[in-house]
Amino acid sequence: MTAAETAALLEQTFGPAVTGKKLDALDPFVTLDPARLVDVCTFLRDDPRLRFEVLNDVTGVDYLEPDPKKSAKAGFDPHLEVVYHLSSFTFPGRRFTLKLVLPRWADDTPGRLPEVPSVTRVWPAADWHEREVYDLVGVRFAGHPDLRRILLADDWVGHPLRKDYEFPLEYHGIRGR
């Protein structure tokens with residue numbers, strides 16, 4: 001089944017939960033309503049026509065142009081994306097990508113992290129991936145069994161892969177810059 005056929009099947013099954021698609025990309029993808037993420041992922045894993053048994057990774061991307069002179073030409077509004085790369089053991093070589101488009105801050109309140117459902121019940125491997133996205137990009141995963149920092153110290157402030165993150169000058173007496 002091609003990426004276009006997979007996207008069509010998702011649109012047929014989940015209707016408006018599929019909010020967009022780009023099938024001519026290097027990694028063809030669909031964008032989803034975050035509220036339906038677990039249902040779509042379960043379908044992708046369990047449907048015998050698809051069998052995406054493997055979650056390769058979950059990543060977070062910050063789309064922000066911090067330079068005001070360049071932001072008007074950037075071609076996008078500031079947002080975050082959570083990206084899921086999937087593959088199949090049953091059908092070798094079959095790959096697919098899901099994306100969630102999120103506001104940079106929940107309710108447009110700086111400091112309030114956006115939230116999406118955890119897929120650890122679908123793919124247990126999501127555990128560490130979701131923790132990494134939480135730690136570095138600042139996305140909460142509702143229902144995650146142990147959502148805490150994985151790379152940075154527990155008392156670290158902020159999420160360093162956000163493009164507006166300001167690295168501290170010092171951390172516990174260690175010069176940072």
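Residues numbered from 1 in each chain as written. Predicted model: local features only at pLDDT ≥ 70, side-chain atom pairs only at ≥ 80, totals over all residues. Heavy atoms only, no water.

Engineer: If you had to explain the overall build of the protein to someone new, which residues and values would you point to?
Structural biologist: From N to C terminus, the protein includes four helices and nine strands. The globule rule puts the C-alpha radius of gyration for 177 residues at 16 Å, and the 18 Å found for the protein is close to it. Principal-axis analysis of the C-alpha atoms gives the protein an extent of 55 × 40 × 30 Å. Evaluated residue by residue, the protein yields a buried proportion of 42% over its 177 residues. In the protein, the share of contacts with a sequence separation of at least 24, taken over all contacts with a separation of at least 6, comes to 51%. The positive charge centre, built from 23 side chains, and the negative charge centre, built from 28, are 2 Å apart in the protein. (Helix = DSSP H or I, 4+ residues; strand = E, 2+ residues; numbered from the N terminus. Rg over C-alpha atoms; globule rule 2.2 N^0.38 Å. Buried < 20%, exposed > 50% of the residue type's maximum accessible area, 1.4 Å probe, protein only. Contact = heavy atoms within 4.5 Å. Lys, Arg positive; Asp, Glu negative; His and termini not counted. Charge placed at Lys NZ, Arg CZ, Asp CG, Glu CD.)

Engineer: How would you sum up the nonpolar core? Please name residues and give values.
Structural biologist: Soluble globular proteins tend to pack their nonpolar side chains together in the buried interior. Judged by nonpolar contacts, the single largest core of 37 residues is most densely connected at Leu 10, Tyr 84, Leu 98, Val 119 and Val 139. Of the residues forming this core, the biggest block, six residues, is contributed by helix α2 (residues 37-46). Dropping the residues within four chain positions of it, Tyr 84 is found in contact with Leu 37, Leu 55, Asp 57, Val 58, Phe 96, Thr 97, Leu 98, Leu 100, Val 116, Pro 117, Val 119 and Phe 141. (Core = buried A, V, L, I, M, F, W, Y, C linked by side-chain atoms within 4.5 Å.)

Engineer: Summarise the environment of Val 61; cite the residues concerned and give the values.
Structural biologist: By the secondary structure assignment, Val 61 is in strand β3 (residues 54-63). Val 61 gets classed as partly exposed once you look at its relative accessible area, which sits at 29%. Along the chain, Val 61 and Val 116 lie 55 residues apart, while their C-alpha atoms are 14 Å from each other. Beyond its immediate stretch of four places on either side in the chain, Val 61 contacts His 79, Leu 80, Glu 81 and Val 83.

Engineer: Go over the sheet that holds strand β5 (residues 95-102) with me, naming the residues and quoting the values.
Structural biologist: Paired through their backbone hydrogen bonds, the strands of a sheet run either parallel or antiparallel. One open sheet accounts for five strands, arranged β1-β2-β5-β4-β3; its pairing is mixed. Each having just a single partner strand, β1 (18-22) and β3 make up the two edges of the open sheet. On average, each strand axis in the sheet is inclined to that of its neighbour by 20°, with strand direction left out of account. For strand β2 (residues 29-32) and β5, the ladder comprises four bridges, and the chain directions are parallel. When the sheet's bridge partners are listed, Leu 32 is paired in β5 with Leu 100. (Pairing = 2+ DSSP bridges. Axes fitted to C-alpha atoms, helices over the stretch in contact; angles between N-to-C directions.)

Engineer: Can you lay out the packing of aromatic side chains for me, pointing to particular residues and giving the numbers?
Structural biologist: Under the defined criterion, the tally for this structure stands at five aromatic pairs. Taking 5.4 Å as the distance between ring centres and 80° as the angle between the ring planes, the aromatic pair formed by Phe 14 and Phe 43 counts as edge-to-face. Of this pair, Phe 14 sits in helix α1 (residues 3-14) while Phe 43 sits in helix α2, and the two are 29 residues apart along the sequence. Taking relative accessible area as the criterion, Phe 43 reaches 17% and is therefore assigned buried. Ring centres of Phe 52 and Phe 96 lie 6.2 Å apart, and the angle between their planes is 40°; this geometry places the pair in the tilted category. In this pair, Phe 52 sits in the loop between α2 and β3 while Phe 96 sits in strand β5, placing the two residues 44 residues apart along the sequence. (Phe/Tyr/Trp six-rings, centres within 6.5 Å; stacked < 30°, edge-to-face > 60°.)

Engineer: I'd love a proper account of the pattern of salt bridges, names of residues and values included.
Structural biologist: Scanning the model with the defined rule gives 13 salt bridges in all. Of the charged contacts, one joins Arg 51 and Glu 53 as a salt bridge, the two residues approaching to 3.7 Å between their closest N and O atoms. For Arg 51, a relative accessible area of 26% puts it in the partly exposed group. In this structure, Asp 146 engages Arg 148 in a salt bridge whose closest nitrogen and oxygen atoms are separated by 2.8 Å. Judged by relative accessible area, Asp 146 falls into the partly exposed class, the value being 30%. On the basis of relative accessibility, which here comes to 43%, the residue Arg 148 falls in the partly exposed class. (Salt bridge = Lys/Arg side-chain N within 4 Å of Asp/Glu carboxyl O.)

Engineer: Residues and numbers for the packing of α1 against α2, please.
Structural biologist: At a minimum axis distance of 12 Å, the contact between α1 and α2 shows a crossing angle of 130°. As summarised for this structure, α1 and α2 are arranged oblique, according to the angle between their axes. The two elements α1 and α2 cross, and the hand of that crossing is right-handed. Contacts between α1 and α2 involve Thr 6, Leu 9, Leu 10, Thr 13 and Phe 14 from the first element and Asp 39, Val 40, Phe 43 and Leu 44 from the second. (Parallel < 35°, antiparallel > 145°, perpendicular 65-115°, else oblique. Left-handed = near helix turned anticlockwise from the far one by under 90°.)

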